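Residue-level structure breakdown
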Amino acid sequence: MASQSETGGLVLASKSASRRAMLDAAGVAYRSIPADLDERALEAQLGPAARPQTVALELARAKALSVCLQAPEELVLGSDSLVECGGRRFDKPACRSDAVEHLRFFSGKVMHLHSAAVIARGGEVLRSQVSVASLQVAQLSDRFIEDYLDHEWPAVSGCVGVFRIEGRGVQLFRAIEGDHFTVLGMPLLAVLQFLRELGALSP
Ligand SMILES: Nc1nc2c(ncn2[C@@H]2O[C@H](COP(=O)(O)OP(=O)(O)OP(=O)(O)O)[C@@H](O)[C@H]2O)c(=O)[nH]1
């Protein structure tokens, strides 16, 4: 006999601490089953010309559908974030020198952070949303970058854009346009509306 959590619950298909923190703070009950898939290989299949919002949506969809196989009765929430800046797409930095290169490139430019969410059940996509925030990056000196990473590395190794907006990452920006939750890594307001529509959250 399947437990309640295996019949009507919500599964977060993510290892992201930030996404878990958002749902925890919002009082949303869920269990986590990280998606085990090669995001970079999937992104490569979409090709270099794929729009960043398309890539984020497709990766969120792939994460949700892959976890549906382990939770066939439950709503599964997949999410993905990526940065586009100066015509380049960026994922999480692979190492500290990657982080330096990313930050040097971002300096003085506008960073677009795309965050997507997909809710699926039984292999069928029920809802999806992708949102973008625009972050104006300050001029970053090499000295600032090294000092910043002395404090923030390796914590930001799990963060696209090499920052935690809730921490020192806020020092990188002169202005931010867009939803705070989108910056943190998931369009939470849309996710909550979807859960209400799907009966998983009381209106
Ligand atoms: N704490 C924090 N995390 C951020 C911020 N901006 C982006 N992120 C995180 O950057 C990560 C983007 O990488 P993704 O590939 O989308 O997700 P992930 O962390 O690999 O986790 P999965 O969902 O399991 O793929 C996510 O965990 C986002 O929450 C921020 O300002 N603060």
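Parameters and conventions
- Residues numbered from 1 in each chain as written.
- Predicted model: local features only at pLDDT ≥ 70, side-chain atom pairs only at ≥ 80, totals over all residues.
- Heavy atoms only, no water.
- Helix = DSSP H or I, 4+ residues; strand = E, 2+ residues; numbered from the N terminus.
- Core = buried A, V, L, I, M, F, W, Y, C linked by side-chain atoms within 4.5 Å.
- Buried < 20%, exposed > 50% of the residue type's maximum accessible area, 1.4 Å probe, protein only.
- Contact = heavy atoms within 4.5 Å.
- Salt bridge = Lys/Arg side-chain N within 4 Å of Asp/Glu carboxyl O.
- Pairing = 2+ DSSP bridges.
- Expected span 1.5 Å × (residues − 1).
- Phe/Tyr/Trp six-rings, centres within 6.5 Å; stacked < 30°, edge-to-face > 60°.
- Lys NZ or Arg CZ within 6 Å of the ring centre and 35° of its normal.
- Near = heavy atom within 4 Å.
- Polar contact = N/O pair within 3.5 Å; in protein donor to acceptor, adjacent residues only side chain to side chain.
- Nonpolar A, V, L, I, M, F, W, Y, C, P; charged D, E, K, R; others polar.
- UniProt positions renumbered as here; feature names shortened; annotations may be inferred.
- Axes fitted to C-alpha atoms, helices over the stretch in contact; angles between N-to-C directions.
- Parallel < 35°, antiparallel > 145°, perpendicular 65-115°, else oblique.
- Left-handed = near helix turned anticlockwise from the far one by under 90°.

1. Description of unusual backbone geometry
- Look at the link from Trp153 to Pro154: it is a cis peptide, with omega at 10 degrees.
- Looking at the element boundaries, Pro154 is found in the loop between α5 (142-152) and β7 (173-177).
- Even without being glycine, Val162 reaches a positive phi, approximately 60 degrees.
- Here Val162 lies in the loop between α5 and β7.

2. Comments concerning the nonpolar core
- Membership of the largest hydrophobic core comes to 26 residues, with the highest contact counts inside it found for Leu103, Phe106, Leu149 and Phe163.
- Elements represented by at least two residues in this core include exactly β3 (75-85), α4 (96-106), β5 (110-121), β6 (124-137) and α5.
- When residues of this core are assigned to their parent elements, the largest contribution, 5 residues, is made by α4.
- If we ignore the near neighbours within four places in the chain, the residues touching Phe106 are Val83, Cys85, Phe90, Met111, Val137, Gly161 and Val162.
- Core analysis: the next-biggest nonpolar cluster, separate from the first, contains 17 residues, Ala13, Leu59, Leu82 and Val118 among them.

3. As for the pattern of salt bridges
- For the structure shown, the criterion picks out 15 salt bridges.
- As a salt-bridge pair, Arg88 and Glu101 come within 2.9 Å of each other at their nearest N and O atoms. Of this pair, Arg88 sits in strand β4 (residues 88-90) while Glu101 is found in helix α4, placing the two residues 13 residues apart along the sequence.

4. Some remarks on the pairing of β6
- One ladder, built from 12 bridges, connects β5 with β6; its direction is antiparallel. Counted as the bridge partner of Ile119 is Arg127 from β6.

5. A look at helix α3 (residues 52-68)
- In this model, α3 (17 residues) spans 24 Å end to end at C-alpha, consistent with the 24 Å of a helix rising 1.5 Å per residue.
- Buried within α3 we find Pro52, Val55, Ala56, Leu59, Ala60, Ala62, Lys63, Ala64, Val67 and Cys68.

6. Overview of the packing of aromatic side chains
- A complete count under the given rule lists 4 aromatic pairs for this structure.
- Judged by centre distance (4.9 Å) and plane angle (80 degrees), the ring pair of Phe163 and Phe173 falls under edge-to-face. Taken together, the residues span a long stretch of sequence, with Phe163 in the loop between α5 and β7 and Phe173 in strand β7 at a distance of 10 residues. Taken individually, Phe163 and Phe173 each receive the classification buried, so the pair is uniform in this respect.
- Following the ring pairs from residue to residue traces out a cluster consisting of Phe90, Phe105 and Phe106.
- The aromatic ring of Phe105 is capped on one face by Arg88, whose charged end is 4.6 Å from the ring centroid.
- For the cation-ring pair, Lys109 lies above Phe105, with the distance from its terminal atom to the ring centre recorded as 4.1 Å.

7. Structural notes on the site of the ligand
- Around the ligand, the structure places 21 residues, and the nearest of them are Ser14, Ser16, Lys63, Glu166 and Leu184.
- Separating an oxygen atom of the ligand from a backbone N or O atom of Gly158 is a distance of 3.3 Å.
- Every element with two or more residues in the shell around the ligand is listed here: α1 (17-26), β3 and α6 (180-184).
- The greatest single-element share of the shell around the ligand, amounting to 3 residues, is contributed by β3.
- Partitioned by chemical class, the residues of the shell around the ligand number 6 nonpolar, 7 polar and 8 charged.

8. Looking at the UniProt feature "active site" (unreviewed entry) in the chain
- Per the UniProt record, "active site" (unreviewed entry) is annotated on Asp80.
- Within the secondary structure layout, Asp80 lies in strand β3.
- When residues no more than four places from it in sequence are discounted, the contact partners of Asp80 are Arg19, Glu39, Ala56, Leu59, Ala60, Lys63, His114, Ser115 and Ala116.
- For Asp80, the side chain forms a polar contact with the side chain of Lys63, separated by 2.9 Å.

9. Focus: the packing of helix α2 (residues 39-46) against α3
- Viewed as axis vectors pointing N to C, α2 and α3 meet at an angle of 135 degrees, and their least axial separation amounts to 10 Å. Here α3 runs oblique to α2, going by the angle between their axes. The handedness of the crossing between α2 and α3 comes out as right-handed. Contacts from Glu39, Arg40, Leu42, Glu43 and Leu46 of α2 reach α3 at Val55, Glu58, Leu59, Ala62 and Lys63.
- Considered class by class, the residues forming the contact of α2 with α3 number 5 nonpolar, no polar and 5 charged.

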